[in-house]
Structure formats: structure tokens, C-alpha cells
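# Structural features, examined
The chain contents come next:
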Amino acid sequence: MVCWRMHPAPNRTDAHARVALVAALVASTFAIAPPPARAATTVPARLTDVQGVEIDVADLAARNTLIVVTLKAPGCPVCQEQLHRLVALRERLRACGATFIVLAPGPAEALRELAERSGFPYPFIEDTNVALARSIGLALGDDEIMPAFFQLDAAREIVWMQRGRGPGAFGERELLAHLGCRSSAGDRIAAIEPGVHR
């Protein structure tokens, strides 16, 4: 013989209250605090390039869109390819208002050779002990820098950044999009093959 016991229908108000209580407990348990405000990262007002020329960073950034290109190391093949690709896009980048500084670990002599070999006609800055890269979160250990692009404004603050490089991922599309450079039928990015320098 089976006995059936009748249970009273649940009170909808109680059920809603229980759901709301559980939701509040879950939300408070997994609440994520907003990240703490951090001071703007600035670059020194003046930098000296590997040729001994002093660069007025604020002045460059006030007159143009100043993009800093960071290189992992002078001998990094992907970074060298990056420079050749930027040379191929130089006129387009210039027309979009961009100017550049290259920031890399030394030695300075290796950077002078790279500047000459690449044909990239902008200042190359040796980041001794990757101190500047470390201050902006781009140091990879004690002697390498994460490859990236970042823009500095006239106050020398970083206002945009694109990180990382790899074969087939050089960041030019993101850079051109950031600069507001429109694609055209003759867009040279698609035509640039790794290792082929025009």
C-alpha cells in the first residue's frame, strides 16, 4: 500500500525571496573589485638615440602621432622583419601623420647596424637594462623587451598600445586602424610577404 502525503503548495513570495537571497550571496562571493587606479605611465622628456642625437619626445608627439616601436633584441628576426615591413609602408604611415621612435635593448653598436641595415629612418634608442620597458610593463626578463607599438601624447603618456609579434602577426593592421588609415585597392599590407622587402 502506498501512502501519498499532500504537501502544501510553495508560497511564491517565499520562493522569490529565497532566489533573491541566493543570488545576493553568489554575487557577493564572486564580486570583482575594480582595478586600482594607476598613475599614467610617462616616458622621459628627452631621449638620446644611438647616434648621440637628443630627441625631444614631447615636441615630436605634439607635431605628429608619435608611435614607439619596441624590439625584443637587435638580433630578433621577427623584429627585423617588422622594421622592413614598416619601411614598405613608410609613405602611407607618414601620410597618416605618424612618426616613430624605435626602443630596444642594446648594445648601441648593434642598434646602429640594425638602423642602417633596415633603412628605417627614425631614431633608435637603446633601453639600457630595459629600464624604460620595465616601467611600462614591457620588459621580458633583464635583457629583452616585448615587441609592441605604443602611442605617446604631448604629455608623454601612453594613450594606445598593441603588444606582441610573431610570424604572420606583425601588428600593422592594428596600427593602421589606430591611425585611421583607410585601406585602398593598392593596400600594400596584403602584398608584403615575410622576407620580401620592397
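Residues numbered from 1 in each chain as written. Predicted model: local features only at pLDDT ≥ 70, side-chain atom pairs only at ≥ 80, totals over all residues. Heavy atoms only, no water.

Take helix H3 (residues 77-88) next. Between the first and last C-alpha of H3 there are 17 Å, a value that for 12 residues agrees with the 16 Å anticipated at 1.5 Å per step. Taken residue by residue, H3 has Cys79, Glu81, Gln82, Leu83, Arg85, Leu86, Val87 and Ala88 as its buried positions. (Helix = DSSP H or I, 4+ residues; strand = E, 2+ residues; numbered from the N terminus. Expected span 1.5 Å × (residues − 1). Buried < 20%, exposed > 50% of the residue type's maximum accessible area, 1.4 Å probe, protein only.)

As a further point, take the pattern of salt bridges. Within this structure, the stated rule accounts for eight salt bridges. For the salt bridge of Arg94 with Glu91, the shortest nitrogen-to-oxygen distance reads 3.3 Å. With Arg94 and Glu91 both in helix H4 (residues 90-95) and three residues apart, the pair spans about one turn of that helix. The exposure class assigned to Arg94 is partly exposed, which follows from its relative accessible area of 42%. Across the pair Arg134 and Asp142 runs a salt bridge whose closest N-O atoms are separated by 3.6 Å. Assessed through its relative accessible area of 43%, Arg134 is described here as partly exposed. One salt-bridge network, in which partners are shared between bridges, spans Arg46, Glu54 and Asp56. (Salt bridge = Lys/Arg side-chain N within 4 Å of Asp/Glu carboxyl O.)

Our next topic: helix H7 (residues 172-179). Among the residues of H7, Glu172, Leu175, Leu176 and Leu179 are the ones counted as buried. Projected onto a plane normal to the axis of H7, the buried residues spread over an arc of 95° and lie on a single side. In H7, the exposed positions that point more than 90 degrees away from the buried face belong to Arg173 and Ala177. Once H7 finishes, Gly180 follows within two positions and takes phi at roughly 80°, a positive value. (Arc of directions from axis to C-beta.)

This part covers the environment of Glu109. Counting through the fold element by element, Glu109 comes out in helix H5 (residues 108-118). For Glu109 and Glu126, which are 17 residues apart along the polypeptide, the C-alpha to C-alpha distance reads 9.6 Å.

Spatially, five strands are ordered S5-S4-S3-S8-S9 in an open sheet, and the strand pairing comes out mixed. Sheet topology places strand S5 (124-126) and strand S9 (158-163) at the edges, where each strand pairs with a single neighbour. When strand polarity is set aside, the average angle formed by the axes of neighbouring strands in this sheet is 25°. With five bridges connecting them, strand S3 (residues 65-70) and strand S8 (residues 148-152) associate as antiparallel partners. Looking at S8, one finds that Ile67 is bridged to Gln151. Strands in contact with H7 are S3, strand S4 (98-104), S8 and S9; relative to S9, the strand with the most contacts, it is inclined by about 155°. (Pairing = 2+ DSSP bridges. Axes fitted to C-alpha atoms, helices over the stretch in contact; angles between N-to-C directions. Contact = heavy atoms within 4.5 Å.)

This brings us to the confidence of the model for the protein chain. Across the protein chain, the average pLDDT comes to 81, with 72% of residues at 70 or higher. In this model, residues 21-39 is a region of pLDDT below 50 whose contacts with residues beyond four sequence positions or in other chains number zero contacts. A low-confidence stretch, residues 185-198 stays under pLDDT 50, and its non-local contacts, those more than four residues away or across chains, total 23 contacts. (pLDDT = per-residue confidence, 0-100.)

Another point: the pairing of S9. As paired strands, S8 and S9 are joined by five bridges and run antiparallel to one another. Each bridged residue has a counterpart across the sheet, and for Phe150 the counterpart in S9 is Met161. A loop of five residues connects S8 with S9, the two strands running antiparallel in sequence, and Arg156 in this loop sits at a positive phi of about 65°.

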